[in-house]
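Chain by chain, the residues:
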Amino acid sequence: MTQIASQAPSATLYERLGGGDGLRTIIGAIVDAHLENALIRTRFEPFDRASMKDAAFRFFAQATGGPEVYDGRGLRATHRGMNVNEQEFLAATDDVLAVLRSHGVGEREQQEVLAAFFAMKGEVLRL
């Protein structure tokens, strides 16, 4: 396991998560974790895994300060009609945290990712 240590405060979250390669690995592992999670996997099964990983990577790369551009649907449009509930949202959050920890992501970065995740909650729940 590689420890992704906290870098200087001027480094973007994208850089602190390992740049494009590091973030792509983390996002891929998160998607895989969601597909293995009995509580939420049916939400993800209708989608092509590789396409989902790529779109999620581009979304998070742009959101964390990377050079990638996300041009896909917004969160609200993506989740409309899914009626995601609180328990499912928390299960997804647990997956994210477990992956971050298993990839040696620093505490500061974990907190920043979780804060961003919870900030998007209104764009995902009960739509």
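The following refers to the structure shown. (Residues numbered from 1 in each chain as written. Predicted model: local features only at pLDDT ≥ 70, side-chain atom pairs only at ≥ 80, totals over all residues. Heavy atoms only, no water.)

A few words on the packing of helix H6 (residues 86–102) against helix H7 (residues 107–119). Look at H6 against H7: their axes get within 10 Å of each other, and the N-to-C directions meet at 160°. On the basis of their axis angle, the class for H6 and H7 is roughly antiparallel. Two packed elements cross with a definite hand, and for H6 against H7 that hand is right-handed. Of H7, the residues touching H6 (which contributes Phe 89, Leu 90, Ala 92, Thr 93, Val 96, Leu 97, Leu 100 and Arg 101) are Gln 110, Val 113, Leu 114, Phe 117 and Phe 118. Counted by class, the contact of H6 with H7 contains 10 nonpolar, 2 polar and 1 charged residues. (Axes fitted to C-alpha atoms, helices over the stretch in contact; angles between N-to-C directions. Helix = DSSP H or I, 4+ residues; strand = E, 2+ residues; numbered from the N terminus. Parallel < 35°, antiparallel > 145°, perpendicular 65-115°, else oblique. Left-handed = near helix turned anticlockwise from the far one by under 90°. Contact = heavy atoms within 4.5 Å. Nonpolar A, V, L, I, M, F, W, Y, C, P; charged D, E, K, R; others polar.)

What follows deals with H7. Its 13 residues give H7 an end-to-end C-alpha distance of 18 Å, which sits within 8% of 18 Å, the value for a rise of 1.5 Å per residue. The complete set of buried residues in H7 reads Glu 109, Gln 110, Val 113, Leu 114 and Phe 117. Taken end-on, H7 shows its buried residues confined to a sector of 130°, consistent with a single buried face. If you follow the buried residues of H7, they end up packed against helix H1 (13–16) and H6. (Expected span 1.5 Å × (residues − 1). Buried < 20%, exposed > 50% of the residue type's maximum accessible area, 1.4 Å probe, protein only. Arc of directions from axis to C-beta.)

For the rest of this paragraph, the subject is the nonpolar core. Among soluble globular proteins, nonpolar side chains are generally buried collectively. By size, the foremost hydrophobic cluster in this structure holds 32 residues, and its most contacted members are Leu 17, Leu 23, Ile 26, Ile 27 and Val 96. For this core, the secondary-structure elements that each account for two or more residues are H1, helix H2 (19–36), helix H4 (49–63), H6 and H7. (Core = buried A, V, L, I, M, F, W, Y, C linked by side-chain atoms within 4.5 Å.)

All right, on to the packing of H2 against H4 then. With their axes 9 Å apart at the nearest point, H2 and H4 run at an angle of 130° to one another. Relative to H4, the element H2 is oriented oblique. Crossing handedness for the pair H2 and H4: right-handed. The segment H2 lies against H4, with Gly 20, Leu 23, Arg 24, Ile 27, Gly 28, Val 31, Asp 32 and Leu 35 engaging Arg 49, Met 52, Lys 53, Asp 54, Ala 56, Phe 57, Phe 60 and Ala 61.

At Asn 83, a residue that is not glycine, the phi angle is positive and equals roughly 50°. Among the structural elements, Asn 83 can be located in the loop between helix H5 (75–79) and H6. With relative accessibility at 42%, the residue Asn 83 sits in the partly exposed group. The backbone of Arg 126 shows a phi angle near 50°, a positive value even though the residue is not glycine. Structurally, the position occupied by Arg 126 is in the segment after H7. What makes Arg 126 exposed here is its relative accessible area of 56%.

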